Amino acid sequence: MLAYSLRRLLVAIPTILLLIVACFFLMHVAPGGPFTSERALPPQVLANIEARYGLDQPLWKQLWDYLYNIVVHFDFGPSFKFKDRDVNDIIAQGFPISLTYGSLSFLLATAVGVSLGIAAAIKHNSWIDYIAVGLGIAAQALPNFIMGPILILTFTLWLGWLPGGGWNGGQWQYLIMPVIALATSYMGSIARITRSSMLEVLNSNFIRTARAKGLPTRTVIWRHALKPTLLPVVSYLGPVFVYVLTGSVFVDIYFSTGGLGQAYVGSALSRDYAVLLGVTILYGALTVVVNLLTDLAYAWFDPKIRY
Amino acid sequence: MNKIIRTSLAGLLSSTIITGAAIAAGTHPETGEALADDQTFTYRILDEHSSVDPQVVEDVTGAEIVRDLFEGLMNQDEDGNLVPGAATGFTVNDSKDVYTFTLRDEAKWSNGDPVTAGDFVYAWKRAVNPELSSPYAWFMELMSIENAASIIAGEKPVDELGVKAIDDKTLEVRLSAPLPYFPQMTTHSTTFPAPQKVIEEFGDSWTKPENIVSNGAYVLTEHLPQERSVRERNEMYWDNDNTIIDKVVALVINDENVALTRYMAGELDRTEIPAGQYPRLNQEHPEEALSFPRLCNYYYTFNVSDSGPEAFKDPNVRQALSLAVDRAIITEKVKAGGEPQAFTFVPEATAGFAVPAVEMASMSQAERDELAKELLAEAGYGPDNPLSFEMVYNTDEAHKKIAVAVSQMWKQKLGVQVELANMEWKVFLEERGNQNFDLARGAWCGDYNEASTFLDLLQSDSGYNDGKYNNTRVDELLAEAKTSNDPAPLYTEVERIIAQETPVIPIYHYAGVYMMDSDVGNWPVNNVEQNWYSKNLYKLAE
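Here the structure is a predicted model, which means the values were calculated and not measured.

S.K.: Before we go on, may I ask you to explain the overall build of chain B in this structure?
M.R.: For chain B, the count of helices and strands is 18 helices and 18 strands. Against the 2.2 N^0.38 benchmark of 24 Å for 542 residues, chain B shows a C-alpha radius of gyration of 24 Å, consistent with a compact globule. Within chain B, the fraction of its 542 residues that count as buried is 50%. Partitioning the contacts of chain B with sequence separation of at least 6, the portion at a separation of at least 24 is 67%.

Quick look at the structure:
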């Protein structure tokens, strides 16, 4: 398993390199630059600024310097827009916030989704099943950009229970709405996948055997049915984890969380090359790592899988 | 005159009262209104500010924060008039090219150091220094400070800038040419002092809350980028005793509708009203919905350069299109925020600007439409040979609505075929800046309260003249206005030429359209530049 993990991580290096190069060139192809402004800067001022950030160098040299600084100094460069911050600062400040929202949403979506799915499958074709399926479908139809306004109107404007946005050191009142908004639609999908997977498992031969030898239903479900049920769920959870982190872009902006999403979108719009690349690399690396973890998790859920 | 006496009397009276009874008593020293215990002012900003470094900041939200943190030589009062700031006043020589400012003895930095003329010299040299490459370096050039232009271009050393500390409290500024509105320009953030020691110690991170030292009424105490920045009372500020607001919180809220919701929930004291919602809000909350004129214009610019369409080289075509725009529909139905219609490039609210009697303004819309049809026919366009062109604007809901409305007006009245194209902001700037357009949206907010801040955009070599309008007479008049004692008639003549030649179609002039908590006292609605200072505000007890 260790050898497998190492091999996967080694493959990840060229993947991320490719991502950087593609992103780097795409960024430079987009019209406008970080210092394109409404009042055209005098050429000498523009030249000074470009020299300061090395933008006067040929593209290959810029790319080389960029990679060199990352590999040797772990320095992702300065922000072109915010003079008093560099990319490392921006990520160090925004990522923990996005990670908090993302992880909480992930946990919420998984816990509620799996429970709903299992309940529905066990009580197949009963009112519990119908309610769970109904809830699941409704949740799936409510992406975060729909949930956001609904929540904020309900809990901030009408009820006045929760603050309409902000971070405030991660106080719980500030976390509730963004976490729910982010979790809802994934919760629905997880519930659906869990339910159909559980139904399939419950109809399989080894469950019939377990029942036949007189095991109580609870033991059958917890000891025998749960693990195989979760296998397809886990393969879905890997991407979901990445989605809730990157997909937090909307939530970050809508609820002004101070998370990385705002910095990411802002950097694309203002052509803050270094920030844009830095966050892209972070998300890319995260995807690679999470995919690896998902694959490793398979082995635990299904003993037939070996690495 | 009467007003001046009254103001100074009120000032005298208030300072007497302040020394007598303290503000802590809970009533406003001048008005006697009951003050709230919590003197925190919370407002929404659209986007994270670029910087709070006075010489680096380039956006309006950043400048608002800088104006609280730092204090320049002169300030503006509620009406936009010049009042003493870090300087008690200035004198000017007979040839009007040497200004001497006297600094306040009691002015201090937040670390207790005195504010000296040297701090200003350092800051101004910093602003033009190619090493800092300030995006607002051009402002120093515009101020006509001796050698500013050649220093920015790297042709002369920074030390040759025409600014000198005669002694700790006396600052001398030499101009390359007399500039009547020079003192007004010292209220701009680029000219604010900078703490040399702190900048040299911390480099680019000197503006972080833990490092920053400032000389304004407030100090930066907290900054969570993309979320909030907090400034609190500077105990060292010379006029701290008369400052009422203790704490100012700027919250970044990108979505204007979320901001409005949060305002309604009581989280904010001020937010902008989204386009079209003013009439409803004004009806429901008449005491909170504000609309007042601002120093900005909204227009379309013709590309009259070689890359532009042949049709736009004919002034008749340009004028016909301008005439056919029913500005009342845009201001009353689309924006609906109390914006004034625009027939001149310079907003009427601009100080010392006499609006010329532009013929179009006095006509009815039906007359304008009639004339537009005639002019267009004269230019050879009609049903058989319809005029067609592309119109570009940057992606935004309000810009889109206006562009759709205007293109419909042209289509219905003149049979003109317009293709609309929206572009993301940076792409838009690039295309417009390289004259890759037929007709483009434009808007400008004055950097100072004087007509030249707008009209300069139509000067042939201006960095903002994206339509490449070129009229030697206009250039001459604008050059003359720079040194004239009475530039108003010159500006009026420029506007007359513009009205005839129509290189741009003015649509409307901006209004500040806000929801403002009725507890907020003394918001400067009459300051058309909206240069507001938190130290002049207060919160009333509910």
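S.K.: In this structure, what is going on with the overall build of chain A? I would like to understand it.
M.R.: When you go through chain A residue by residue, the secondary structure sums to 12 helices and 0 strands. Each principal axis of the C-alpha distribution contributes one length, and for chain A these read about 85 × 55 × 30 Å. By the burial criterion, 37% of the 307 residues in chain A qualify as buried. Long-range contacts, defined here as pairs at least 24 residues apart, represent 73% of the contacts in chain A between residues at least 6 apart.

S.K.: Quick question: what am I supposed to make of the interface of chain A and chain B here?
M.R.: How big an interface is tends to be reported as the loss of accessible area on association of its parts. Between chain A and chain B, the contact holds 40 residues from the first and 43 residues from the second. Every element with two or more residues in the side of chain A that touches chain B is listed here: helix H2 (43-52), helix H6 (144-158), helix H10 (248-254) and helix H11 (260-269) of chain A. The biggest single contributor to the side of chain A that touches chain B is H2(A), with 5 residues. For the side of chain A that touches chain B, the per-class residue count stands at 16 nonpolar, 16 polar and 8 charged.

S.K.: Mind showing me how you'd approach the domain arrangement of chain B here?
M.R.: Residue and element names in this part refer to chain B. By the assigned domains, chain B splits into domain 1 (40-240 + 517-539) and domain 2 (293-512). Each of domain 1 and domain 2 has a C-alpha centre, and these two points are 33 Å apart. Residue composition of the side of domain 1 that touches domain 2, grouped by class: 8 nonpolar, 4 polar and 1 charged.

S.K.: Even after reading the chapter, I still don't get the UniProt feature "transmembrane region" (unreviewed entry) in chain A, so can you show me in this structure?
M.R.: UniProt tags residues 104-122, 134-160, 172-191, 233-255 and 275-301 of chain A as "transmembrane region" (unreviewed entry). The span residues 172-191 of chain A is 100% helix and 0% strand, and its two end C-alpha atoms sit 26 Å from each other.

S.K.: I keep staring at the UniProt feature "domain: Solute-binding protein family" (unreviewed entry) in chain B and nothing clicks. Help me out?
M.R.: On the UniProt side, "domain: Solute-binding protein family" (unreviewed entry) is annotated at positions that read residues 82-465 of chain B here. When the span residues 82-465 of chain B is considered, its composition is 30% helix and 21% strand, and the gap between its end C-alpha atoms is 30 Å.

S.K.: Which parts of the structure should I look at to understand the sheet that holds strand E5 (residues 98-103) of chain B?
M.R.: By definition, the strands of a sheet pair up through backbone hydrogen bonds, in either a parallel or an antiparallel sense. All names here are of chain B. Strands sit in the order E4-E5-E7-E6 across an open sheet of 4 strands; the sheet is antiparallel. Strand pairing shows two members of the sheet lacking a second neighbour, strand E4 (87-92) and strand E6 (163-167), which therefore form its edges. In this sheet, neighbouring strand axes are inclined to one another by 25° on average, regardless of whether the strands run parallel or antiparallel. Sheet topology note: the E6/strand E7 (residues 170-174) ladder contains 4 bridges and is antiparallel. What sits directly across from Asp-167, in E7, is Thr-170.

S.K.: Teacher, can you tell me more about the environment of B:Gly162 here?
M.R.: Residue and element names in this part refer to chain B. Position of Gly-162 relative to the elements: it lies in the loop between helix H5 (148-152) and E6. Take Gly-162: there are 19 C-beta atoms within 10 Å of it, and that puts it in the partly exposed class. Sequence spacing of Gly-162 and Ala-372 is 210 residues, and the spatial spacing of their C-alpha atoms is 51 Å. If near-sequence neighbours (up to four positions away) are discounted, Gly-162 is found in contact with Ile-145, Glu-146, Asn-147, Val-173, Arg-174 and Leu-175.

S.K.: I keep staring at the environment of B:Val173 and nothing clicks. Help me out?
M.R.: All names here are of chain B. Counting through the fold element by element, Val-173 comes out in strand E7. Exposure remark for Val-173: the 27 C-beta atoms within 10 Å place this residue in the buried category. Distance in space between the C-alpha atoms of Val-173 and His-285 is 49 Å, their sequence separation being 112 residues.

S.K.: What is the right way to look at helix H8 (residues 256-264) of chain B in this model?
M.R.: Since the α-helix packs 3.6 residues into each turn, any two residues three or four apart lie on the same face. With respect to burial, H8(B) is a largely interior element, 7 of its 9 residues being buried. Within H8(B), burial applies to B:Val258, B:Ala259, B:Leu260, B:Thr261, B:Arg262, B:Tyr263 and B:Met264. Where the residues of H8(B) are buried, they touch H6 and H10 of chain A together with strand E1 (40-45), strand E11 (270-272) and strand E16 (504-516) of chain B. Remark: B:Gly266 follows H8(B) within two positions and exhibits a positive phi of approximately 85°.

S.K.: How do you make sense of the confidence of the model for chain B when you look at a structure like this?
M.R.: When pLDDT drops low, the exact placement of atoms in the prediction is not to be read closely. All names here are of chain B. Of the residues in chain B, 95% have a pLDDT of 70 or more, and the chain-wide mean is 91. Ignoring residues within four places in sequence, the model shows residues 1-25, a span with pLDDT below 50, making 9 contacts including any to other chains. Scored by ipTM, the complex comes to 0.86, with pTM at 0.87.

S.K.: Is there a simple way to explain the packing of helix H4 (residues 87-122) of chain A against helix H9 (residues 217-246) of chain A in this structure?
M.R.: The description of two helices packed together rests on the angle between their axes and the distance between the axes. All names here are of chain A. Between H4 and H9, the least distance of the axes is 10 Å, while the angle of their chain directions is 145°. Here the hand of the crossing between H4 and H9 comes out right-handed. Seen from H4, the contacting residues are Ser-98, Leu-99, Gly-102, Ser-105, Phe-106, Ala-109, Thr-110, Val-114 and Ile-122; seen from H9, they are Ile-221, Val-233, Leu-237, Val-240, Phe-241, Val-244 and Leu-245. Along the lines of polarity and charge, the residues of the contact of H4 with H9 split into 12 nonpolar, 4 polar and no charged.

S.K.: Sorry if this is basic, but what is going on with the nonpolar core here?
M.R.: Burial of nonpolar side chains together is a common tendency in soluble globular proteins. Counting residues in hydrophobic clusters, the biggest one holds 205 residues, and the most contacted among them are B:Met140, B:Ala320, B:Ala324, B:Leu455 and B:Ile507. With residues up to four places along the chain from it excluded, the contact list for B:Ala320 reads B:Ala372, B:Leu375, B:Leu376 and B:Leu414.

S.K.: Even after reading the chapter, I still don't get helix H8 (residues 205-212) of chain A, so can you show me in this structure?
M.R.: With 0 of 8 residues buried, H8(A) is to be regarded as a mostly surface element. Immediately downstream of H8(A), the backbone of A:Gly214 shows phi near 90°, a positive value.

S.K.: I keep staring at the packing of H9(A) against helix H12 (residues 273-301) of chain A and nothing clicks. Help me out?
M.R.: Residues and elements named next belong to chain A. Viewed as axis vectors pointing N to C, H9 and H12 meet at an angle of 170°, and their least axial separation amounts to 10 Å. By the criterion of interaxial angle, the relationship of H9 to H12 is roughly antiparallel. For the pair formed by H9 and H12, the contact residues are Lys-227, Leu-230, Leu-231, Val-234, Ser-235, Gly-238, Phe-241, Val-242, Leu-245 and Thr-246 on the first element and Tyr-283, Leu-286, Thr-287, Val-290, Asn-291, Thr-294, Ala-297, Tyr-298 and Phe-301 on the second. The residue inventory of the contact of H9 with H12, partitioned by class, reads 12 nonpolar, 6 polar and 1 charged.

S.K.: I keep staring at unusual backbone geometry and nothing clicks. Help me out?
M.R.: In terms of backbone geometry, most residues other than glycine have negative phi values and most peptide bonds are trans. Its identity is not glycine, yet A:Ser256 carries a phi of approximately 45°, on the positive side. Locating A:Ser256 in the fold gives a position in the loop between H10 and H11. We note that B:Ala336 has phi near 55°; this positive angle belongs to a residue other than glycine. Considering the arrangement of structural elements, one finds B:Ala336 in the loop between helix H11 (327-335) and helix H12 (359-362). According to the C-beta neighbour criterion, B:Ala336 is partly exposed, with 19 such atoms within 10 Å.

S.K.: Just to check I follow, could you spell out the pairing of E5(B) for this structure?
M.R.: Working note: regular strand, side chains alternate between the two faces of the sheet. All names here are of chain B. The side-chain alternation of E5 yields one buried face, formed by Tyr-99, Phe-101 and Leu-103, and one unburied face, formed by Val-98, Thr-100 and Thr-102. Both E4 and E5 contribute to a ladder of 5 bridges, which runs antiparallel. When the sheet's bridge partners are listed, Val-92 is paired in E5 with Tyr-99. Summarising the sheet, E5 and E7 pair through 5 bridges and their orientation is antiparallel. When the bridges of E7 are listed, Thr-102 appears paired with Thr-170.

S.K.: I keep staring at the pairing of E16(B) and nothing clicks. Help me out?
M.R.: Residue and element names in this part refer to chain B. Most of E16 is tucked away, with 13 of its 13 residues classed as buried. Summarising the sheet, E11 and E16 pair through 3 bridges and their orientation is antiparallel. In the sheet register, Arg-270 faces E16, and the bridge partner there is Met-516.

The rules behind each value
Residues numbered from 1 in each chain as written. Chains lettered and ligands numbered in written order. Predicted model: local features only at pLDDT ≥ 70, side-chain atom pairs only at ≥ 80, totals over all residues. Helix = DSSP H or I, 4+ residues; strand = E, 2+ residues; numbered from the N terminus. Rg over C-alpha atoms; globule rule 2.2 N^0.38 Å. Buried ≥ 20, exposed ≤ 12 C-beta atoms within 10 Å, placed from the backbone. Contact = placed C-beta atoms within 7 Å. Nonpolar A, V, L, I, M, F, W, Y, C, P; charged D, E, K, R; others polar. Domains from an automatic or database assignment. UniProt positions renumbered as here; feature names shortened; annotations may be inferred. Pairing = 2+ DSSP bridges. Axes fitted to C-alpha atoms, helices over the stretch in contact; angles between N-to-C directions. pLDDT = per-residue confidence, 0-100. Left-handed = near helix turned anticlockwise from the far one by under 90°. Core = buried A, V, L, I, M, F, W, Y, C linked by C-beta atoms within 7 Å. Parallel < 35°, antiparallel > 145°, perpendicular 65-115°, else oblique.

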